[in-house]
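Below, each chain spelled out in residue letters.
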Amino acid sequence: MLKKEKFSLKDELYNPKKVEMIASEIKEVYPAFEASQFTKETVAKFPKLELKERIYHIRDMFKKYLPSDYQEAVNILVQSLPQELDPSKSDDDFGDFIYAPYSEYVTAYGCNEEHLNFSLQALREITKRFSVEYAIRDFINIYPTQTLAMLEACAKSENYHERRLASEGLRGKLPWAKKLNIAYDVPLRHLELLYSDKTRYVTRSVANHLNDIAKIDAPLVLETLKRWKKSNKQEPKEMDFIISHALRTLVKQGNTDALAMLGYVQNPPIEVKKVTLKRVSVQVGEALEFEVEVVALDDAMLMVDYIIHFQTKAGKLSPKVHKLKKIELAKAKRIVLKKKHPFKTNMSTRTLYAGEHLLEVQINGSIVHREKFDLRV
């Protein structure tokens, strides 16, 4: 039986075929481009490079094979780009990763006063093919006034990729991204222009952005969402999506104001009959199995979570919130919620340590039950 080849993201996104494609596109607008040599030299180093290193390597190959004049080189790159991403789509249209080196070239060689306006306009063109949310962060940090003005113009653009950039590029906690020097509330003026957007790709970014801010300033986010909802500028269903998505961290934290905004009142009219653990000692590789029995004393909307407090190397407990169930329970109705939480042997996000752990059941932000259990490694 043939062994299944392990999937490689870096090879999926950056491979000889992709490099040949962009080399051909560049040669189409710049006949002097040595496409074959560029491709050969570029892919020769791929086996030794990780994903991000391949992006920077392609960027550096552009520097070697394109004209030495920065603006001439960027004009060639921009002119070689394919058509803009489909404007009829409304979501999940990030673009082709092979174009990430284009914006990195702009950042590496054009983030300076001499080329500032030219570079910012180039990024606006590139983001219509592949998001420049990472590349623009150096511009925000070094030239905040000019870059924030450019992003405000993007927020008013007819192109939804530019509009999304006005939110995503300014996210303070964008995963894997360089830290921003601006205050976390500065981009709110951009979000004010975007929350009423009709494109989910944009509104999801706005919600993610607010979720980032909520980790720093929960009252500001709650106040902002209430004001946006009251304005009626967004469709009710989409506004509900923004609110729910923006408050997800606060909900996990059991923030009662956030839960109330979603309709989950503190101390709902329920009785937790019992919480049962199948066993109080679990081996790594097995699952913690438990049941929660709830009876409604009156009609109630319930957000049920469970929290596992993991042992750390230092011998302290570290909590992690997990979703269990959102339910509407009519008066006198009973429900039994069952869960199997696996303790995998090959967890990539956490090292498991033996010892006493803690399970907590949380309903509408309040802990209703605690139970200790042992994990064996």
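A brief look at the structure comes next. Being a predicted model, the structure only gives us computed values, none of them experimental. (Residues numbered from 1 in each chain as written. Predicted model: local features only at pLDDT ≥ 70, side-chain atom pairs only at ≥ 80, totals over all residues. Heavy atoms only, no water.)

Some points on the sheet that holds strand 3 (residues 287-296)
Which entries qualify depends on this criterion: Any two strands between which DSSP finds at least two bridges are classified as paired. A run of H or I in DSSP becomes a helix once it reaches four residues, and a run of E becomes a strand once it reaches two; helices and strands are each numbered from the N terminus. Only C-alpha atoms enter the line fits that serve as axes; for helices the fit covers just the stretch in contact. Angles between N-to-C directions range over 0 to 180 degrees.
On the basis of which strands lie adjacent, the open sheet formed by three strands has the order 1-3-6 and antiparallel pairing. Unpaired on one side and paired on the other, strand 1 (270-277) and strand 6 (334-342) mark the two borders of the sheet. On average, each strand axis in the sheet is inclined to that of its neighbour by 20°, with strand direction left out of account. Note: strand 3 against strand 6, nine bridges, orientation antiparallel. Of the residues in strand 6, the one forming a bridge with Glu291 is Lys338.

So, empty space enclosed by the protein
Rule in force here: Detection works on a 1 Å grid of protein atoms alone, calling trapped sets that fit a 1.4 Å probe cavities and calling open sets with protein on both sides within 12 Å along at least five of seven lines pockets, with lining residues defined by an atom within 4 Å of a point. Grid points are joined across faces, edges and corners, and a volume is the space filled by probe spheres set on the points.
According to the stated counting rule, one finds one cavity of 30 Å³ or more in the structure shown. Taken as a whole, the largest cavity holds about 30 Å³ of empty space. If you go around the largest cavity, the residues you meet are Asp93, Phe94, Thr127, Ser131, His161, Arg164, Leu165 and Tyr201. For the lining of the largest cavity, the element with the most residues is helix 10 (residues 160-168), which contributes three residues.

Considerations on the nonpolar core
Rules: Here, nonpolar core means buried Ala, Val, Leu, Ile, Met, Phe, Trp, Tyr and Cys residues that are tied together by side-chain atoms lying within 4.5 Å of each other. Exposure classes here rest on a 1.4 Å probe applied to the protein chains alone. A residue is buried below 20% of its type maximum, exposed above 50%, and partly exposed in between. Whether two residues are in contact is decided by their heavy atoms: any pair within 4.5 Å suffices.
Judged by nonpolar contacts, the single largest core of 82 residues is most densely connected at Phe38, Phe62, Leu225 and Leu247. Of the residues forming this core, the biggest block, seven residues, is contributed by helix 12 (residues 200-214). Setting aside residues up to four positions removed in sequence, Phe62 forms contacts with Ile22, Ile26, Phe38, Leu77, Pro101, Tyr102 and Tyr105. If you look at the next biggest cluster of nonpolar residues, it comprises 28 residues, including Val284, Val304, Ile327 and Ile335.

Digging into the sheet that holds strand 5 (residues 317-329)
Pairing in this open sheet of five strands is mixed, and the strands run 2-8-7-4-5 from one edge to the other. Each edge of the open sheet carries a strand with a single partner, namely strand 2 (281-283) and strand 5. The average undirected angle you get between the axes of adjacent strands in this sheet is 30°.

Structural notes on the layout of surface pockets
Rules: Charged means Asp, Glu, Lys or Arg here, nonpolar means Ala, Val, Leu, Ile, Met, Phe, Trp, Tyr, Cys or Pro, and polar covers whatever is left, Gly included.
Approximately 620 Å³ is the volume found for the largest pocket. Surrounding the largest pocket, 23 residues form its lining, Lys52, Ile55, Glu104, Tyr134 and Trp176 being those nearest its centre. When contributions to the lining of the largest pocket are tallied by element, the ones reaching two or more residues are helix 1 (9-13), helix 4 (51-65), helix 6 (100-110) and helix 8 (137-142). Classifying every residue of the lining of the largest pocket gives 14 nonpolar, three polar and six charged.

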